[in-house]
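# Working through the structure, step by step
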Amino acid sequence: MDMDVTTILFLALFGFVAAFIDSTVGGGGLISLPALLGLGMPPYLALGTNKLAGTISSATSSVTFIRSGKFDKKLMLILFPVSLIGACFGAKTVLFVPQELLKVLVIIMMALIFVYTLFNKRFGEMSNFKGYTSFTLGLGIPLTFLIGFYDGFFGPGTGSFFVFVMVLLFGYDFVIAAGNGRILNLASNIAALTVFILEGKVIFVTGLVMGVAMLLGASLGARMAIKTGVRYVRPLFLIVSITLITKMVYELIFSS
């Protein structure tokens, strides 16, 4: 791919915006992946290259949340390897579920999450975390594995799924949930990226150019989430969720 000034500016702009959003509630792939495809990159190379840039983004936002203490260290030590292993399996597994059926299931899940969050006004506003139980960990570990697995072979909405599980199952507020979600998303990104690199599906120069812009966007987005709290994260979560649903419904209807 020719990396002229226009292409570099294009990648920087879309990478920055994608990472700014992705650093808190996920969904940045809605912006960065279509940008790479818009440059004429083959889908499999776009997916791998997007994972490289996305890994830089999630690493940056994760460090920001960690430095601010907006995460649960003990829980992340348990779930980080679970997400990583799940994504590795997801990236390597030959899918038996048709892609179109998978998209329908994801749309339904995202719609339920959106409705629940929209009408439960106090959802994620205050932390209700009271410690771990055999139930929360017994459910949280397989859910983390499944979300990681999902990110390994498909991806859209992964960050949002992680945030929702952190709020609903463990009782964190949206800010702590965002910190935990970014760390778990980093694990799934690392695993998927490793597989894509081994398969030769990454254009490094393009991914690094977008990644540098994502580094800046992720840092700024995470800092804003920490500073402004739930009043910023919750509405952004709703906006990203409905955008993802709309995009996937559109693709499902007009690609068939």
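Quick caveat, the model's predicted, so the values are computed rather than measured. (Residues numbered from 1 in each chain as written. Predicted model: local features only at pLDDT ≥ 70, side-chain atom pairs only at ≥ 80, totals over all residues. Heavy atoms only, no water.)

## Concerning the overall build of the protein
For the record, the criterion: A run of DSSP states H or I qualifies as a helix once it reaches four residues; a run of E qualifies as a strand once it reaches two. Both are numbered from the N-terminal end. Only protein chains enter the accessibility calculation, which uses a 1.4 Å probe. A residue is then buried if its area is under 20% of the maximum for its type, exposed if over 50%, and partly exposed in between. The Shrake-Rupley method, run with a 1.4 Å probe, gives the accessible areas here. Residue values count only the displayed protein chains as cover. When charges are counted, neither His nor the chain ends are considered; positive counts come from Lys and Arg and negative counts from Asp and Glu. Charge placement uses NZ in Lys and CZ in Arg. For Asp and Glu, CG and CD serve respectively.
For the protein, the count of helices and strands is ten helices and zero strands. Ordered by position in the sequence, the α and β elements of the protein form the string α-α-α-α-α-α-α-α-α-α. The C-alpha extent of the protein, read off along each of the three principal axes, is 55 × 40 × 35 Å. Taken across its 256 residues, the protein has 51% of its residues classed as buried. If you sum the accessible surface of the protein, you get close to 11,900 Å²; carbon and sulfur atoms cover 73% of it. The averaged location of the 10 negative side-chain charges in the protein is 11 Å from the averaged location of its 17 positive side-chain charges.

## Here we look at the side chain of Asp 173
What counts is decided by this rule: Whenever Lys or Arg places a side-chain nitrogen within 4 Å of a carboxyl oxygen from Asp or Glu, that contact is recorded as a salt bridge. Here a polar contact is recorded for every N or O atom pair within 3.5 Å, except that within protein the pair must consist of a potential hydrogen donor and a potential acceptor, and residues adjacent in sequence are included only if both atoms are side-chain atoms.
Along the chain, Asp 173 turns up in the loop between α7 (158-168) and α8 (174-198). For the buried Asp 173, no salt bridge is present, and the opposite-charge side chain at shortest range is Lys 70, 6.7 Å distant. In terms of polar contacts, Asp 173 uses its side chain to reach the backbone amide nitrogen of Val 175, at 2.9 Å. Among the polar contacts made by the side chain of Asp 173, one reaches the main-chain amide nitrogen of Ile 176 at a distance of 2.9 Å.

## Re the pattern of salt bridges
This structure, assessed with the given rule, holds two salt bridges. For Arg 182, the salt bridge is made with Asp 22, and the minimal N-O distance between the two is 2.9 Å. Of the two residues, Arg 182 sits in helix α8 while Asp 22 sits in helix α1 (residues 5-25), which places them 160 residues apart along the sequence. For Asp 22, a relative accessible area of 12% gives the class buried. Here Asp 151 and Lys 51 are joined by a salt bridge, their closest N and O atoms 2.9 Å apart. Taken together, the residues span a long stretch of sequence, with Asp 151 in helix α6 (residues 134-153) and Lys 51 in helix α3 (residues 43-67) at a distance of 100 residues.

## Describing the side chain of Ser 32
Here Ser 32 lies in helix α2 (residues 29-38). The class of Ser 32 is buried, set by a relative accessible area of 2%.

## Regarding the packing of helix α4 (residues 73-92) against α8
Convention followed: To obtain each axis, a line is fitted to C-alpha atoms, and for helices this fit is confined to the stretch in contact; angles are then taken between N-to-C directions over 0 to 180 degrees. Handedness of a crossing follows from how the near helix is turned relative to the far one, being left-handed for an anticlockwise turn of less than a right angle and right-handed for a clockwise one. Throughout, a residue-residue contact means that at least one pair of heavy atoms, one from each residue, lies within 4.5 Å.
Where α4 meets α8, the axes come as close as 8 Å, and the angle between the chain directions of the two elements is 35°. The chirality of how α4 crosses α8 is right-handed. Only Asn 180, Ile 183, Leu 184, Ala 187, Ser 188, Ile 190, Ala 191, Ala 192 and Val 195 of α8 make contact with α4, whose side of the interface consists of Leu 75, Met 76, Leu 79, Phe 80, Ser 83, Leu 84, Ala 87, Cys 88, Ala 91 and Lys 92.

## Things to note about the environment of Phe 145
Inspection of the secondary structure assignment puts Phe 145 in helix α6. Expressed as a C-alpha distance, the spacing of Phe 145 and Ser 188, which sit 43 residues apart in the sequence, is 9.4 Å. Ignoring sequence-local partners within four residues, the contact set of Phe 145 consists of Val 82, Ile 85, Gly 86 and Phe 89.

## Re the layout of surface pockets
Using the following cut-off: Buried and open spaces are told apart on a 1 Å grid over the protein atoms alone, a cavity being a set of points where a 1.4 Å probe fits but cannot get out and a pocket being an open set with protein on both sides within 12 Å along at least five of seven lines. Residues with an atom within 4 Å of a point are the lining residues. Grid points are joined across faces, edges and corners, and a volume is the space filled by probe spheres set on the points. Three residue categories are used. Nonpolar comprises Ala, Val, Leu, Ile, Met, Phe, Trp, Tyr, Cys and Pro, charged comprises Asp, Glu, Lys and Arg, and polar comprises the others, including Gly.
Put simply, the largest pocket is a space of about 930 Å³. If you trace the largest pocket, you find 41 residues lining it, with Leu 33, Leu 47, Phe 154, Gly 155 and Pro 156 closest to the centre. Looking at the lining of the largest pocket, the elements that each hand over two or more residues are α1, α2, α3, α5 (99-119), α6, α7, α8 and α10 (230-254). Taken together, the residues of the lining of the largest pocket sort by class into 17 nonpolar, 15 polar and nine charged.

## Topic: the environment of Gly 152
Tracing the sequence through the fold places Gly 152 in helix α6. Sequence spacing of Gly 152 and Phe 14 is 138 residues, and the spatial spacing of their C-alpha atoms is 22 Å. If near-sequence neighbours (up to four positions away) are discounted, Gly 152 is found in contact with Ala 87, Gly 90, Ala 91 and Ala 192.

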